[in-house]
Every structure is written in C-alpha cells, then in structure tokens.
Amino acid sequence: MRVLVIGSGAREHALVLALRRDPSVTAVIAAPGNPGIGQQAELRLVDPCSAEDVTALAREVAADLVVIGPEVPLVLGVADAVRAAGIPVFGPSADAARIEGSKAFAKDVMAAAGVRTAHSEIVDNPADLDAALDRFGPTWVVKDDGLAAGKGVVVTADRRAARDHGAELLEQGHPVLLESFLDGPEVSLLCLVDGETVVPLLPAQDHKRVGDGDAGPNTGGMGAYTPLPWLPAETLIEIVDDVVKPVAAELVRRGSGFSGLLYAGLAIGTNGPAVVEFNCRFGDPETQAVLALLDSPFAELLHATATGRLAEVEPPRWKDGSAITVVLAAENYPARPRTGDVITGAEEGALDGDTLVLHAGTALREDKALVSAGGRVLNVVGIGEDLAEARERAYARLAKIKLPGSHFRTDIGATEVVVPERKR
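The rules behind the values
Residues numbered from 1 in each chain as written. Predicted model: local features only at pLDDT ≥ 70, side-chain atom pairs only at ≥ 80, totals over all residues. Heavy atoms only, no water. Helix = DSSP H or I, 4+ residues; strand = E, 2+ residues; numbered from the N terminus. Rg over C-alpha atoms; globule rule 2.2 N^0.38 Å. Buried < 20%, exposed > 50% of the residue type's maximum accessible area, 1.4 Å probe, protein only. Contact = heavy atoms within 4.5 Å. Lys, Arg positive; Asp, Glu negative; His and termini not counted. Charge placed at Lys NZ, Arg CZ, Asp CG, Glu CD. Core = buried A, V, L, I, M, F, W, Y, C linked by side-chain atoms within 4.5 Å. Domains from an automatic or database assignment. Pairing = 2+ DSSP bridges. Axes fitted to C-alpha atoms, helices over the stretch in contact; angles between N-to-C directions. Buried area = accessible area lost by both parts, 1.4 Å probe. Polar contact = N/O pair within 3.5 Å; in protein donor to acceptor, adjacent residues only side chain to side chain. Phe/Tyr/Trp six-rings, centres within 6.5 Å; stacked < 30°, edge-to-face > 60°. Lys NZ or Arg CZ within 6 Å of the ring centre and 35° of its normal. Parallel < 35°, antiparallel > 145°, perpendicular 65-115°, else oblique. Nonpolar A, V, L, I, M, F, W, Y, C, P; charged D, E, K, R; others polar. Salt bridge = Lys/Arg side-chain N within 4 Å of Asp/Glu carboxyl O.

**Some details on the overall build of the protein chain**
- Helix and strand counts for the protein chain come out as twelve helices and 22 strands.
- Over its C-alpha trace the protein chain gives a radius of gyration of 21 Å, about what one expects of a compact globule, namely 22 Å for 424 residues.
- Summarising its shape, the C-alpha atoms of the protein chain cover approximately 55 × 50 × 45 Å along the three principal directions.
- Here the protein chain holds 424 residues, and 56% of them are scored as buried.
- Pairs at least 24 residues apart make up 69% of the contacts formed inside the protein chain by residues separated by at least 6 positions.
- Both charge centroids of the protein chain, one from 40 positive and one from 60 negative side chains, sit 1 Å from each other.

Printed below as a string of structure tokens:
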C-alpha cells in the first residue's frame, strides 16, 4: 500500500511513524510535511486546502490511501474531491466535518441524538451580547463558532474578560457560542467511524491551558497522556454507546454519514459524561501518545474505514504501559510566537524506542540548521511501563533540547484526577 499523508504537524509525524510500522505499507508520502517527517517519508509540496491539488498529487504518486490530518481541508471538502476521483481517503465529507466546523451544527446533532452537552446560545449581534452573558456564569465559556485551532475559547470567572472575547469575535465577523460550564475532568476519545460502526481507540487526557496547574489562556494543546487509570471501564463503554454511536447514527440519518476519525471531548461530571466538543480528525496532541502504544497494522484500520469495511477488521491491539506527549512551545505562544530560532538536541536519538521527538512547527534554514517555524515547535513522547516511567523519560529527553525562549508544562500527567461521584 502506498499512503499519502496530508499535513505538516506533529500529529502527521505520528501518523507517518504508525503507518511505517504496518508491513503492508510500501511507501509513505507526506505533503507538505516538515523536516522531521522528511526523515521517514518522501516529502511533496501541496496546498492542503486545495482539493484540486491534493487530488492531482494523489494520482501522481499512485496513492492507494490518502490520510488527511488537519481539520481545515476536511471542512473545505478536500476528502470529497479525492473520494470522487475513486481514491480511498481517510477523512469525512465536508457535510460530516461540520461536526467540528460549526459548533451550532454539532449542538443540533447532539440534541437530535439525545446526547448530553452544555446548554448553549449563539450570539451574532453585538447588541445581544450583554443580555446573553447575563444568562450564564459564574464561570463563562465563550467560543468562536467556527474553527480556531483550540485557541478561540475563553473559560473565565471574569465577566469582563468573557465580554471582551465575545466582542472581539463579533468584531471579526465570527458568531459567538456561549456555553454553561461543565464540571469534572476531561477525556478525549478518538474513534474510528464508518457510518454507524464505531471503534474506539485508547482514551487520553489533553492539557489545554498554557501553564502548569491549568493557568493561562487556552492553546492548541500542551500535552496529553494515555491510558487513563482513573477512568472506569464502564464509563468508557457509556461514552461509546451513549455519545459516539448516537451521533454517528444521527449523521447517517441526515445523509451526512461520517467516515474517518471522530473525536469526542467530554467532561466527566456528577451527571456522567457530557460533550465539550466534537472534532472531525485525529486530536493533536492526543494522537501522538495514543499511536505510540498501537500494536495493530495502522494502515489496515484506516483503509478499512475509508472503504466501508471497518466492521470486518479486528479491533485495535495495544501495547502494555503508558505514553505521554509534552509540547515544546515557542516564546510568546499562544499569542504571536517568535520564530526562526535555532533548535539543538532534537535529532540525537529522536526515535530510540522509549522516546520520540516529533516535529510540529520546524523548518530548515539554507545552512540546514533546524529552526522554529510555529507556536508548538516539537512534541516529546515518552513510553514506559507506567505513567511515572513515561513521564520521567519524556522530561529527561526534553531537557536535552534547547530553543531560546521556549516553554513547556512540567505537570503533564502529574495531576491526581478525581472523578466526581455520580448523583443518584
């Protein structure tokens, strides 16, 4: 199998590595990729958001499977064009990708499917913002209704901060989604979905805030770990049966059947799991940790999903132990990050078995020096017999990497998680 991976981040780096471990894969091509991905795959230039260009490249490289990593190409219908060309593609249609592209659409689907989520209101007129804010609180959740790379969300007890964020979004022409605050620890569950067939991967927990102890603004994700020793097995079954499967069935009912990776972000509160968000693609950085423990042929799972045969393949097998991802971010991230700084210590032992160094926002200068080229620059993955060992290995490897002004969270996977007792 020849596989074309679309995207250029650490998630795509993890996808490439997992595909290369599948014995049925004879070639992996990545477009546009990054310097780290280029060490494991052939790189090609492409505009990921151009349906015409991606389809032409898939034909040119004789791809047997196209895997689209980022959400924007999916929302724009790139998967539809590749599928229409007769090439198997892992990624939902533009119709189905609205589950991430429009939070209002996602809320409507969840309501029809009977899935618990936060109470919400859409505000599209600045004159209505204050009255709407008065109906929420004392913790306000203010979201951009469209795609915002995880950074369009403000969760705050400060009404002025909530209002400022909402007003800024409206000034930019973006509708605002106000939500009630959901209590309890968060879980990310990535599921392979083929119509009404749902196959869950390992649950993970993301760390969205930029600073230790969940301080500071939201980011695209500063780290994640898997599995979750505190999550009861029956709760995982409940999430699949009462959340993901009903949503998948509702999308089919609407003629927008999902084919690809459906990501459910949930809060586990006193009333059980409630949905925070759905995404239409592999989560970043959760995927980097989850795929480090995968022990099944990855391309087989993706190809079966893309060709409507997911129900026919064996469920994923997993290695024992734990995996953790820690994100190394550039100075000033998640605001406008500083770029162009030289990175040292990233290449030695980048794939040594116990740790992985995955490239997110990197580039090569003309003199071949590796430099920062984005907000989230590198992901360091640690793998161990338990979470403590995985953490120790990840942070020890991270200590060898130098990037001026960079920062990372020191508490990924370290917080003792308490699941609220269910109301009776």
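Next, the rest of the story.
**What to know about the nonpolar core**
- Of all hydrophobic cores here, the largest spans 71 residues; its most connected members are Leu4, Val66, Ile99, Val244, Val247 and Phe278.
- Tallying contributions element by element places helix 9 (residues 233–253) first for this core, with seven residues.
- Among the domains, domain 1 (2–91) and domain 3 (321–415) are the pair contributing at least three residues each to this core.
- Every residue in contact with valine 244, bar those within four places of it in the chain, is listed here: Cys191, Val193, Val198, Ile239, Leu262 and Ala264.
- In this structure, Tyr263, Leu291, Ala323 and Val381 belong to the second largest nonpolar core, which totals 46 residues.

**Considerations on the sheet that holds strand 4 (residues 65–68)**
- If you walk across this open sheet you meet the five strands as 3-2-1-4-5, and the pairing is parallel. The strands lining the two open edges of the sheet, one partner per strand, are strand 3 (42–43) and strand 5 (89–90).
- Pairing analysis gives two bridges linking strand 2 (residues 27–32) to strand 3, with the strands arranged parallel. Looking at strand 3, one finds that alanine 30 is bridged to leucine 43.
- Against the sheet, helix 1 (residues 10–20) touches strand 1 (2–7), strand 2 and strand 4, its axis set at about 170° to strand 1.
- Helix-sheet contacts for helix 2 (residues 51–60) involve strand 1, strand 2 and strand 4, and the interaxial angle to strand 1 is about 155°.

**Overview of the domain arrangement of the protein chain**
- Per the domain assignment, the segments making up the protein chain are domain 1 (2–91), domain 2 (120–180) and domain 3 (321–415).
- Computed over C-alpha atoms only, the centres of domain 1 and domain 3 are separated by 24 Å.
- Contact residues are listed per partner, giving eleven residues for domain 1 and twelve residues for domain 3.
- Both faces combined, the contact of domain 1 with domain 3 buries some 760 Å², and carbon together with sulfur accounts for 64% of it.
- On inspection of domain 1 and its partner domain 3, the count reaches five residue pairs in polar contact (both at pLDDT 80 or more).

**Brief notes about the packing of aromatic side chains**
- Summed over the entire model, instances satisfying the criterion amount to three aromatic pairs.
- The structure contains a cluster of three or more aromatic residues connected by ring pairs, namely Phe90, Phe282 and Phe298.
- For the cation-ring pair, arginine 98 lies above phenylalanine 105, with the distance from its terminal atom to the ring centre recorded as 4.0 Å.

**Things to note about the packing of helix 6 (residues 103–113) against helix 9**
- Put simply, helix 6 and helix 9 touch, their axes get as near as 9 Å, and they point 105° apart. The pairing of helix 6 with helix 9 is recorded here as roughly perpendicular in orientation. The segment helix 6 lies against helix 9, with Phe105, Val109, Met110, Ala112 and Ala113 engaging Pro246, Val247, Glu250 and Leu251.
- Looking at the contact of helix 6 with helix 9 residue by residue, the class counts come to eight nonpolar, no polar and one charged.

**Observations concerning helix 6**
- Those residues of helix 6 that fall on the buried side of the exposure criterion are Lys103, Phe105, Ala106, Lys107, Val109 and Met110.
- Remark: glycine 114 follows helix 6 within two positions and exhibits a positive phi of approximately 70°.

**Looking at the pattern of salt bridges**
- Per the stated rule, a full pass over the model turns up 27 salt bridges.
- For arginine 159, the salt bridge is made with aspartate 134, and the minimal N-O distance between the two is 2.7 Å. Here aspartate 134 lies in helix 7 (residues 129–134) and arginine 159 lies in helix 8 (residues 159–171), a separation of 25 residues in the sequence.
- Exposure remark for aspartate 134: the relative accessible area of 55% places this residue in the exposed category.
- Between arginine 317 and glutamate 314 there is a salt bridge; the shortest N-O distance is 3.7 Å.
- One network of salt bridges, in which partners are shared, links Asp108, Glu250, Arg253 and Arg254.

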